[in-house]
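Structural description and commentary
One letter stands for each residue in the lines below.
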Amino acid sequence: MKIVALAGGVGGAKLAHGLAQNLPPEDLTVIVNTGDDFEHLGLTICPDLDTVCYTLGGLANPETGWGRVNESWNTIGNIEKLGGPGWFRLGDQDLATHLERTRRLKEGQSLSEITRDFCNAWGIKQMVYPMSDSRVRTMVDTDEGELAFQEYFVHRHCEPRVKGFRFDGVEAARPVTGAREALESADAVVICPSNPWVSVDPILKVIQKINRPVVAVSPIIGGKTVKGPAAKMYTELGIEPSALAVARHYRSFLSGFVLDNVDSDLSAKIEARTLVTHTLMNSNADRARLAMDVLHFIGSL
Ligand code: GDP
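Reading guide: rules and limits
- Residues numbered from 1 in each chain as written.
- Predicted model: local features only at pLDDT ≥ 70, side-chain atom pairs only at ≥ 80, totals over all residues.
- Heavy atoms only, no water.
- Buried < 20%, exposed > 50% of the residue type's maximum accessible area, 1.4 Å probe, protein only.
- Helix = DSSP H or I, 4+ residues; strand = E, 2+ residues; numbered from the N terminus.
- Contact = heavy atoms within 4.5 Å.
- Near = heavy atom within 4 Å.
- Polar contact = N/O pair within 3.5 Å; in protein donor to acceptor, adjacent residues only side chain to side chain.
- Areas by Shrake-Rupley, 256 points an atom, 1.4 Å probe, with all protein chains shown as cover.
- 1 Å grid on protein atoms, 1.4 Å probe; cavity = no way out; pocket = protein on both sides within 12 Å on 5 of 7 lines; lining within 4 Å.
- Sits in = over half its atoms within 2 Å of the grid points.
- Salt bridge = Lys/Arg side-chain N within 4 Å of Asp/Glu carboxyl O.
- Lys, Arg positive; Asp, Glu negative; His and termini not counted.
- Points joined across faces, edges and corners; volume = space filled by probe spheres on them.
- Nonpolar A, V, L, I, M, F, W, Y, C, P; charged D, E, K, R; others polar.
- Axes fitted to C-alpha atoms, helices over the stretch in contact; angles between N-to-C directions.
- Left-handed = near helix turned anticlockwise from the far one by under 90°.
- Pairing = 2+ DSSP bridges.

Counted residue by residue, helix α1 (residues 10-20) has ten buried out of eleven residues, so it is predominantly covered. Looking only at α1, the buried set comprises Val10, Gly12, Ala13, Lys14, Leu15, Ala16, His17, Gly18, Leu19 and Ala20. Summarising the contacts, the buried residues of α1 are in contact with β1 (3-7), β2 (28-32), α2 (47-56), β9 (188-191), β10 (214-217) and α11 (284-300).

Okay, structure coming up:
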């Protein structure tokens, strides 16, 4: 079964890893959000792309879900000693990724080519694509004015109240060829449990239309996020956070929707076929089992 997964950072990476444990590598393509990429310390940093690659390559820090396992922090510590910015934590091994990516981008290589080479170097056999080779930058409209995504997310700890989002550059952005071909030949597209507002919406805006069955997994369990600001964003935008709100968010795309056992009472209100199952991925086994459930569900649609 050929699957295209749409993923943001940690939540998306976990389900992508589960799918990778259940599918032959050539049957899984992951398209990753680049709206939260940014320029920092002179480097181009692609947090979601790196989280997905590190997770698929078995290189991710299992405690945080982002960054590298067995990481050291000498460079960022010394940058701080010199009075430089330390708010965005970049480990020593992780910095090599940003340095080498930035060098290649400056030489004129595309982000998708660089990502493919990095995946080869890390032994990742699945295809991983940035949502576009063009620059898209998520801007968060808040009660304190418009903030660049990482400024809002990491520097300001998501404290400002959200009023809306803007994806700078999205109108001109196109999916990369390989991603478009994978979307055309997929048996289904899986929207991973990532933040609908800032991780999945940018990808959907770039892809625009999906002609294959789409199944989404709720990132909201019992009205709360597992991590991150998705539920806070729903509340601040005047929508009660719930799996139902997520299903409505994706309404125009959905063939099927996967929600947690604790939300089973919402299932009847969702205007798509539903699968109610255990969706919290605390271990590798959880990832593999949820992915297996999702694949069986797709098979039944
Ligand atoms: P970020 O860029 O690291 O914030 O990552 P994402 O956008 O991929 O994911 C954040 C969303 O993933 C949050 O809304 C979380 O609730 C959700 N999430 C994280 N882990 C899990 C999990 O194990 N199960 C489910 N269902 N959602 C999860």
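Contacts to the ligand come from 22 residues, most closely from Ser194, Ser199, Pro219, Val226 and Met281. Take Asp48: an N or O atom from its side chain is 3.3 Å from an oxygen atom of the ligand. Here an oxygen atom of the ligand and a side-chain polar atom of Lys227 are 2.9 Å apart. Here the ligand, which alone exposes 590 Å², has 96% of that area covered by the protein. When atom positions are compared with the pocket grids, the ligand is found to occupy the largest pocket.

Our next topic: the pattern of salt bridges. Opposite charge on two side chains permits pairing when their charged atoms draw close. Scanning the model with the defined rule gives 15 salt bridges in all. Between Arg101 and Asp50 there is a salt bridge whose closest N-O contact spans 2.8 Å. Of this pair, Arg101 sits in helix α4 (residues 92-107) while Asp50 sits in helix α2, and the two are 51 residues apart along the sequence. Asp50 shares its class with Arg101; the two are buried. Linking Arg166 and Asp168 is a salt bridge whose minimum nitrogen-to-oxygen distance equals 3.1 Å. With a relative accessible area of 37%, Asp168 lands in the partly exposed category. Shared partners join several salt bridges into a network, and the residues in it are Glu100, Arg103, Arg104, Glu107, Arg116 and Asp117.

Now for the side chain of Asp36. You can see Asp36 is positioned in the loop between β2 and β3 (38-40). With no salt bridge to any partner, buried Asp36 finds its closest opposite charge in Arg137, at an N-O distance of 7.9 Å. Ignoring anything within four residues of it in the chain, the contact list for Asp36 reads Pro47, Asp48, Thr138, Phe149 and Gln150.

Another aspect to go through is unusual backbone geometry. Even without being a glycine, Leu41 presents a positive backbone phi close to 55°. Here Leu41 is to be found in the loop between β3 and β4 (43-45). A positive phi angle, close to 50°, is found at His157, a residue other than glycine. Among the structural elements, His157 can be located in the loop between α6 (149-155) and β8 (162-168). According to the relative accessible area criterion, His157 is exposed, its value standing at 56%.

The next point concerns the layout of surface pockets. Taken as a whole, the largest pocket holds about 820 Å³ of empty space. Forming the walls of the largest pocket are 43 residues, and the residues nearest its centre are Gly9, Val10, Trp66, Phe153 and Lys227. Put simply, the parts of the chain that give the lining of the largest pocket at least two residues each are α1, α2, α4, α6 and α8 (196-207). Here the residues of the lining of the largest pocket are counted per class, giving 20 nonpolar, 16 polar and seven charged. Within this model, the second largest pocket holds a volume of roughly 350 Å³. Lys14, Asn61, Pro62, Gly65 and Arg287 are, among the 20 residues lining the second largest pocket, the residues nearest its centre.

Contact geometry of α1 with α2 gives a least axis separation of 9 Å together with a crossing angle of 35°. Every pair of crossing elements has a handedness; the one defined by α1 and α2 is right-handed. For the pair α1 and α2, contact is made by Val10, Ala13, Ala16, His17 and Ala20 and by Thr51, Val52, Thr55 and Leu56, respectively. In terms of residue class, the contact of α1 with α2 is made up of six nonpolar, three polar and no charged.

A sheet is described by the order of its strands in space; here seven strands give the open sequence β5-β2-β1-β9-β10-β13-β14, paired in parallel fashion. At either end of the open sheet lies a strand with only one pairing partner, and these are β5 (127-130) and β14 (273-277). Within this sheet the neighbouring strands show an average axis-to-axis angle of 20°, counted without direction. Pairing of β10 with strand β13 (residues 256-260) involves three bridges; the strand directions are parallel. Across the sheet, Val215 pairs through a bridge with Gly256, a residue of β13. Together, β1, β2, β9 and β10 form the strand contacts of α1, whose direction differs from that of β2 by roughly 170°. The sheet contacts of α2 involve β1, β2 and β5, and relative to β5 the element is tilted by about 170°.

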